[in-house]
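# Breakdown of the fold
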Amino acid sequence: MAENKLKKQHDSLVRKLSILQEINQAVSRSLNIKESMDATLNILFKSFNIKSGAVLLTEDNENTLHIAACVGFAPEAMNIRFRFGEGLTGKVAETMNPIVVPRVSKEPLFLNRLKGWNPKKDRELTYIGVPIISDYQLLGVLNITFLYNPNRNLSNTLKFFTLVASALVQPIRLSRLLDLERQNLLSEKARLNAQLKHEFSLNNIIGNSHAMQEVFERVSQVAQADTTVLIRGESGTGKELIAQAIHYNSQRSHKPFIRVNCAAIPETLIESEFFGYEKGAFTGAVSRRKGRFELADTGTIFLDEIGELSPMTQVKLLRVLQEQEFERVGGTETIKVDVRVIAATNADIEKLLEQGRFREDLYYRLNVFSIYLPPLRERRTDILLLADHFLLKYSRKHGKAIRRISTPAIDMLMRYHWPGNVRELENCIERAVLVCEDQVIHSYHLPPTLQTAESSNTVPRISLQQAVVAYEKELIQDALKSARGVVARAARLLDTTERIINYKIQKYGIDIKRFKN
């Protein structure tokens, strides 16, 4: 008889160890917390013959428990929550100690809120509630009910379910870490989206000229639509900036914005760059790769230098624009996308049409809504605004305390014809900031292209005496600007007398009224 008892105990122990092993394998198989909890309860339901079970998890900053998974209850039980101290489940959470109730009919704290037991029809149940604890912190509660058996060793059963609860600690902690990381990523994404939307807001694009105001108006008109946009203008006028403004002020602002410089991609690679390729499509294609259009799905794709595309690529691009579908290189599966297309070019498209280098049907498909960006020489009122912006930007970047640009330097910037447009102006100001050792950028800090007759047609060839006179005139003008046209104050700034300054003003024909304003 003793041998039979020992054999039963041995078999029971082996069975429990087998169940624990199966549970550990199940929870390590998935990062999804619900899948892990469901698998655990199903194993207990089939292998340990429990009547019902539930895993309840704590909620952030609240003394409540919600059901993460359950078995043996109606589906609506998933919506029930328990407060700490409420019923047996709440007591387990509040005290962080297990509770064993041999006969639930005798326990008033057994609230039966999950409706898993009918006292009039069902047999008597035993309840075990075990806290799920990690580093003295409550993560949740494991609730188990099974048919009452007076011969059951509840002490050993409690130890078994304590081990089951311990097996759930790691997946719960990992799930919470993943949730926290996901929330942080979502918050960071929302912050970056808000920052990008603010950065590329029309209010942050510099330009007070009439030509730029017309550009801003057209951007406002088209931003909220999904219309294809063609941005035209010389190189360096800010076509990509306008494309970003359209995207980040549209309903797709939280979706991808993919840039493609068509001129920078070799003709042999541009198709695979646009549409991606399948594994084995060509030598070196060791795995499937998504193309730019697929990456831009639900967002916007910006095709810069569209005029540089080959005729064969133009045909395939036309299909994507019309049908919103394509096949990867080496593949047969048709991939559908929802992409807004913004194209840009500095080329004369009409001339390319005449030469047969650009398809007429593609041109009309792209030119649904056209925006023309004027060159900098046609918006001279914006030059000083842009120069001040770049001065502040690069002063901060290079750690310099440069406060302003001198009047002669401003005159030189205003007279130059700027063939490289805004990009050239930005490079010019950055160079001036780097070479300037003062708090003011003078004309001699500007690049030689602005100072030579060959490039700017603004500064004549002068003698040494004329150069000295020009420099003296610049210093006086700069001092008058700082002194707001007050001659006496300007004289003190230059460490000379008011009489000499008045003499020089008359000699060089300097208009004082200009500085008093």
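Placed above this text is the structure.
Residues numbered from 1 in each chain as written. Predicted model: local features only at pLDDT ≥ 70, side-chain atom pairs only at ≥ 80, totals over all residues. Heavy atoms only, no water.

### Let's talk about the overall build of the protein chain
The helix and strand tally for the protein chain stands at 19 helices and 17 strands. Expected size for 517 residues packed as a compact globule is a radius of gyration near 24 Å; at 38 Å, the protein chain overshoots this value by more than 25%. Principal axes of the C-alpha set define a box for the protein chain whose edges measure 125 × 65 × 40 Å. Of all 517 residues assigned to the protein chain, the portion counted as buried reaches 44%. If you take every contact in the protein chain between residues at least 6 apart in sequence, the share linking residues at least 24 apart comes to 65%. For the protein chain, the computed accessible surface area is about 28,500 Å², with 51% contributed by carbon and sulfur atoms. Seen as two clouds, the 71 positive and the 59 negative side-chain charges of the protein chain have centres 6 Å apart. (Helix = DSSP H or I, 4+ residues; strand = E, 2+ residues; numbered from the N terminus. Rg over C-alpha atoms; globule rule 2.2 N^0.38 Å. Buried < 20%, exposed > 50% of the residue type's maximum accessible area, 1.4 Å probe, protein only. Contact = heavy atoms within 4.5 Å. Areas by Shrake-Rupley, 256 points an atom, 1.4 Å probe, with all protein chains shown as cover. Lys, Arg positive; Asp, Glu negative; His and termini not counted. Charge placed at Lys NZ, Arg CZ, Asp CG, Glu CD.)

### Overview of the side chain of Thr 126
Among the secondary structure elements, Thr 126 is positioned in strand β5 (residues 125-134). From its side chain, Thr 126 meets the backbone oxygen of Pro 102 in a polar contact 2.6 Å long. Residues in contact with Thr 126, not counting those within four places in the same chain, are Val 101, Pro 102, Val 104, Ile 144, Thr 145, Phe 146, Leu 147, Tyr 148 and Leu 154. (Polar contact = N/O pair within 3.5 Å; in protein donor to acceptor, adjacent residues only side chain to side chain.)

### Points about the pairing of strand β11 (residues 300-304)
Here β11 lies mainly inside the structure; five of its five residues are buried. Here β11 shows a buried face lined by Thr 300, Phe 302 and Asp 304 and a second buried face lined by Ile 301 and Leu 303. Pairing between strand β8 (residues 257-261) and β11: five bridges, direction parallel. Bridge pairing in β11 places Arg 259 opposite Phe 302. In this sheet, strand β14 (residues 340-345) lies alongside β11 in parallel orientation, the contact comprising four bridges. Bridging from a neighbouring strand, Leu 303 pairs with Ala 343 of β14. (Pairing = 2+ DSSP bridges.)

### Here's the deal with the side chain of Asp 382
Mapped onto the secondary structure, Asp 382 falls in the loop between β15 (369-373) and α12 (383-397). Beyond its immediate sequence surroundings of up to four residues, Asp 382 is in contact with Gly 207, Asn 208, Ser 209 and Met 212.

### Some details on the sheet that holds strand β7 (residues 229-233)
If you trace the five strands from one edge of the open sheet to the other, you get β8-β11-β14-β7-β15, paired in parallel fashion. Of all strands in the sheet, those with a lone pairing partner are β8 and β15, marking the two edges. In this sheet, adjacent strand axes meet at a mean angle of 20 degrees when their direction is disregarded. Lying on the sheet, helix α5 (residues 210-223) is in contact with β7, β14 and β15; it crosses β15 at an angle near 155 degrees. (Axes fitted to C-alpha atoms, helices over the stretch in contact; angles between N-to-C directions.)

### Considering the nonpolar core
Counting 32 residues, the largest nonpolar core has Leu 44, Ile 132, Leu 142 and Phe 161 as the members making the most contacts within it. When residues of this core are traced back to their parent elements, those giving at least two are α1 (2-27), α2 (33-47), β1 (52-59), β2 (62-71), β5, β6 (137-147) and α4 (154-199). The element contributing the most residues to this core is α4, with eight residues. Discounting residues that sit within four places of it in the chain, Phe 161 has contacts with Leu 44, Phe 48, Ile 50, Ile 128, Val 130, Leu 142, Ile 144 and Phe 146. Ranked by size, the runner-up nonpolar core spans 30 residues in total, among them Ala 296, Ile 306, Val 320 and Ala 343. (Core = buried A, V, L, I, M, F, W, Y, C linked by side-chain atoms within 4.5 Å.)

### Some details on the sheet that holds strand β3 (residues 81-83)
Here we have six strands laid out as an open sheet, ordered β3-β2-β1-β6-β5-β4, and antiparallel in their pairing. The open sheet has two edge strands, β3 and β4 (99-101), and neither has a second partner. Averaged over all pairs of adjacent strands, the angle between strand axes in this sheet comes to 20 degrees, irrespective of strand direction. For β1 and β2, the ladder comprises seven bridges, and the chain directions are antiparallel. For Glu 59, the partnering residue across the bridge sits in β2 and is Glu 62. Its contacts with the sheet place α2 against β1, β2 and β6, and it is angled at close to 60 degrees to β2. Along the sheet face, helix α3 (residues 87-95) touches β1, β2, β3, β4, β5 and β6 and points at about 30 degrees away from the line of β5.

### Topic: the packing of aromatic side chains
As enumerated under the stated definition, the model contains 16 aromatic pairs in all. With a centroid separation of 5.7 Å and an interplanar angle of 90 degrees, the aromatic rings of Phe 274 and Phe 293 are classed as edge-to-face. Taken together, the residues Phe 274 in helix α7 (residues 267-275) and Phe 293 in helix α8 (residues 292-295) connect sequence positions 19 residues apart. Across the pair, Phe 293 and Phe 274 agree in class, each one buried. Judged by centre distance (4.7 Å) and plane angle (85 degrees), the ring pair of Tyr 416 and Trp 418 falls under edge-to-face. (Phe/Tyr/Trp six-rings, centres within 6.5 Å; stacked < 30°, edge-to-face > 60°.)

Function-wise, these values are silent; they only describe arrangement.
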